[in-house]
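Residue-level listing of the chains:
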Amino acid sequence: MYNITLIPGDGIGPEVADAAKNVVEATGLEVKWDIVNAGLTVYEETGVLVPDKVFKSIEKNKVALKGPITTPVGSGFRSINVMLRKKYNLFSNVRPIRTIPGINTPFKNIDLVIFRENTEGLYSGIEKKSSEDSAEAIKLTTKDASIRIVKEAFSYAEKNNKTKVTIVHKANIMKLTDGLFLDCAREISKNYPNIDLEEVIVDNMCMQLVMNPSQFQVIVTTNLYGDILSDLCAGLVGGLGLVPGANIGNDLAIFEAVHGSAPDIAGKNLANPTAIILSAAMMLNHLGEKEKSNFIVDAVLKTIDEGKFVTRDLGGSASTNDMTNAIIEKLLSL
Ligand code: NAI
Ligand code: MG
């Protein structure tokens, strides 16, 4: 029996979070879900963005599955997501991006993982107005945080027989901040003689990714570049509805899709539940439930490949519920 915190979130969050909960339960895993919400919906109801019980639940259970959250402007927070990642030191944001059979894209064999530094850089939240007509933000970069994310990337590469880690930076311009990040990568890479360190400047990286994405295996980068490159990579494999993610710290982890709350399609039963379902599969893997995790991934991939019950973003006409039910049926037949 696992105790897991479930944060439905805003917009399409509740719809896709419910889908993921049902799929996890269909594996037969016994889960006691502690459902607590944060974000715009809760704020409108109670005037509080993140009720105390959300923190308590995450701290008690150590594992959470989270839907996307909208942070209202003027609420005193820049972003609840960024706050949670910093508060719990969830320093590693892991986003696997793979070609999904059955989805028509120009690329056939993309298989890469982005490791995004998740606690500092331009998302440090140190930003102020410096005069009536100017504002400034601090791009905080520390050796500790840089080293630990690079280590995550290399250690993943080693465990998964990858031969190359690509560090993405802009140290030619930001010599001290990105320069430090790059130096840390060079230093750590010396401990992994069988894995090449490839250094690519972020603008060139964007071009390389859209022209020949299958040349990359493991990407490690700073907070802002990682945020942007993950959406770019999502576009290469069929869109934001497909890409899962994990925020991992030393003793706590929060799993969530790469996408946001998609207000344009919220409440209409149109959202693709794949990204959060695959995030739930990553969560089961993290809990040591490899087999059940693989079942979920298999069921999702087969459902998409058959193409009968896929949502609009994938060219189909199924609702969120239809697609979820098809995935569950497939899972039960495996
Ligand atoms: P978004 O990711 O919500 O949407 C971008 C586009 O992708 C939209 O056209 C949307 O309909 C589509 N899309 C996203 N997820 C989809 C899914 N599962 N199925 C089908 N289509 C999908 O990005 P946007 O519009 O920039 O942000 C909306 C809100 O979400 C903002 O308030 C933002 O701050 C928040 N956000 C929250 C995140 C989180 O909680 N981790 C991450 C990213 C954004
Ligand atoms: Mg993002």
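The structure displayed is predicted, hence computed values, not measured ones.

Criteria and cut-off values
- Residues numbered from 1 in each chain as written.
- Chains lettered and ligands numbered in written order.
- Predicted model: local features only at pLDDT ≥ 70, side-chain atom pairs only at ≥ 80, totals over all residues.
- Helix = DSSP H or I, 4+ residues; strand = E, 2+ residues; numbered from the N terminus.
- Rg over C-alpha atoms; globule rule 2.2 N^0.38 Å.
- Contact = placed C-beta atoms within 7 Å.
- Near = placed C-beta within 6 Å.
- Nonpolar A, V, L, I, M, F, W, Y, C, P; charged D, E, K, R; others polar.
- Pairing = 2+ DSSP bridges.
- Axes fitted to C-alpha atoms, helices over the stretch in contact; angles between N-to-C directions.
- UniProt positions renumbered as here; feature names shortened; annotations may be inferred.
- Domains from an automatic or database assignment.
- pLDDT = per-residue confidence, 0-100.
- Buried ≥ 20, exposed ≤ 12 C-beta atoms within 10 Å, placed from the backbone.
- Core = buried A, V, L, I, M, F, W, Y, C linked by C-beta atoms within 7 Å.
- Expected span 1.5 Å × (residues − 1).
- Arc of directions from axis to C-beta.
- Parallel < 35°, antiparallel > 145°, perpendicular 65-115°, else oblique.
- Left-handed = near helix turned anticlockwise from the far one by under 90°.

Some words on the overall build of the protein chain
Logical step 1: Along its length, the protein chain carries 11 helices and 12 strands.
Logical step 2: Against the 2.2 N^0.38 benchmark of 20 Å for 334 residues, the protein chain shows a C-alpha radius of gyration of 20 Å, consistent with a compact globule.
Logical step 3: Overall size of the protein chain, expressed as C-alpha extent along the three principal axes, is 55 × 45 × 40 Å.
Logical step 4: Considering only residue pairs separated by 6 or more positions, the protein chain has 73% of its internal contacts joining residues 24 or more positions apart.

Here we look at the site of ligand 1
Logical step 1: In the region of ligand 1, 21 residues are neighbours, and Pro68, Gly241, His259, Gly260 and Asn272 sit closest.
Logical step 2: Across the shell around ligand 1, the residue classes break down as 10 nonpolar, 8 polar and 3 charged.

Let's talk about the sheet that holds strand 2 (residues 31-35)
Logical step 1: Spatially, 2-1-3-12-11-4-5-10-8-9 is the arrangement adopted by the 10 strands of the open sheet, whose pairing is mixed. Two strands in the sheet have a free side with no partner beyond their single neighbour: strand 2 and strand 9 (196-201). Taken over all neighbouring pairs, the strand axes of this sheet differ in orientation by 25° on average, direction set aside.
Logical step 2: For strand 1 (residues 2-7) and strand 2, the ladder comprises 5 bridges, and the chain directions are parallel. Opposite Asn3, over in strand 2, you have Lys32 as the bridge partner.

Digging into the UniProt feature "domain: Isopropylmalate dehydrogenase-like" (unreviewed entry) in the protein chain
Logical step 1: In the numbering used here, UniProt assigns the "domain: Isopropylmalate dehydrogenase-like" (unreviewed entry) feature to residues 3-327.
Logical step 2: The span residues 3-327 is 41% helical and 18% strand by assignment, and the distance between its end C-alpha atoms comes to 24 Å.

Some points on the domain arrangement of the protein chain
Logical step 1: Taken domain by domain, the protein chain holds domain 1 (1-91 + 242-334) and domain 2 (106-237).
Logical step 2: Between domain 1 and domain 2, the contact holds 11 residues from the first and 12 residues from the second.
Logical step 3: It is helix 4 (residues 80-87) that provides the largest number of residues to the side of domain 1 that touches domain 2, a total of 3 residues.
Logical step 4: Of the residues belonging to the side of domain 1 that touches domain 2, the class tally is 6 nonpolar, 2 polar and 3 charged.

Observations regarding the confidence of the model for the protein chain
Logical step 1: In the predicted model, the protein chain carries a mean pLDDT of 96, and the fraction of residues at 70 or more is 100%.
Logical step 2: As a predicted assembly, this complex carries a pTM of 0.96 together with an ipTM value of 0.98.

A few points about the pairing of strand 9
Logical step 1: When strand 8 (residues 164-169) meets strand 9, the two strands line up parallel, connected through 6 bridges. Across the sheet, the residue bridging to Thr166 is Glu198, located in strand 9.

Focus on the pairing of strand 10 (residues 218-221)
Logical step 1: Residue alternation in strand 10 divides its side chains into two sets, Val218 and Val220 and Ile219 and Thr221, and both sets are buried.
Logical step 2: Across 4 bridges, the pairing between strand 5 (residues 111-117) and strand 10 is parallel. The residue bridging Ile114 from the neighbouring strand is Ile219, located in strand 10.

Quick look at the nonpolar core
Logical step 1: Grouped together as the largest cluster of nonpolar side chains are 90 residues, with contacts concentrated most on Ala20, Val23, Val220, Ile277, Ala280 and Ile296.
Logical step 2: With 9 residues, the top contributor of residues to this core is helix 9 (residues 274-286).
Logical step 3: Domain assignment of the residues forming this core places at least three in each of domain 1 (1-91 + 242-334) and domain 2 (106-237).
Logical step 4: Once residues within four sequence positions are removed from consideration, Ala280 is found in contact with Ala20, Val23, Val24, Leu65, Phe255 and Ile296.

Observations concerning helix 6 (residues 177-189)
Logical step 1: The terminal C-alpha atoms of helix 6 lie 19 Å apart, and with 13 residues this matches the ideal 18 Å at 1.5 Å per residue to within 8%.
Logical step 2: Taken together, the buried positions of helix 6 are Thr177, Asp178, Phe181, Leu182, Cys184, Ala185 and Ile188. Considered in projection along helix 6, the buried side chains sweep an arc of 155° and stay on one side of the axis.
Logical step 3: Each element contacted by the buried residues of helix 6 is listed here: helix 5 (143-159), strand 8, strand 9 and strand 10.

Quick look at the packing of helix 10 (residues 290-306) against helix 11 (residues 320-333)
Logical step 1: The interhelical angle for the contact between helix 10 and helix 11, taken along N-to-C directions, is 120°, at an axis separation of 8 Å. Between helix 10 and helix 11, the angle is such that the two are oblique. Crossing of helix 10 over helix 11 shows right-handed handedness. Contacts between helix 10 and helix 11 involve Phe295, Ile296, Ala299, Val300, Lys302 and Thr303 from the former and Met323, Ala326, Ile327, Lys330 and Leu331 from the latter.

Here's the deal with the packing of helix 5 against helix 6
Logical step 1: At a minimum axis distance of 9 Å, the contact between helix 5 and helix 6 shows a crossing angle of 45°. Classed by the angle they form, the pair helix 5 and helix 6 counts as oblique. By crossing handedness, the relation of helix 5 to helix 6 is classed as right-handed. For the pair helix 5 and helix 6, contact is made by Lys143, Ser146, Ile147, Val150, Lys151 and Phe154 and by Leu180, Phe181, Cys184, Ala185, Ile188 and Ser189, respectively.

Section: the environment of Pro72
Logical step 1: With respect to the helices, strands and loops of the structure, Pro72 is situated in the loop between strand 3 (63-66) and helix 4.
Logical step 2: C-alpha of Pro72 to C-alpha of Gly47: the two residues are 25 residues apart in sequence and 11 Å apart in space.
Logical step 3: The residues touching Pro72, leaving out its near neighbours within four places in the chain, are Leu40 and Tyr43.

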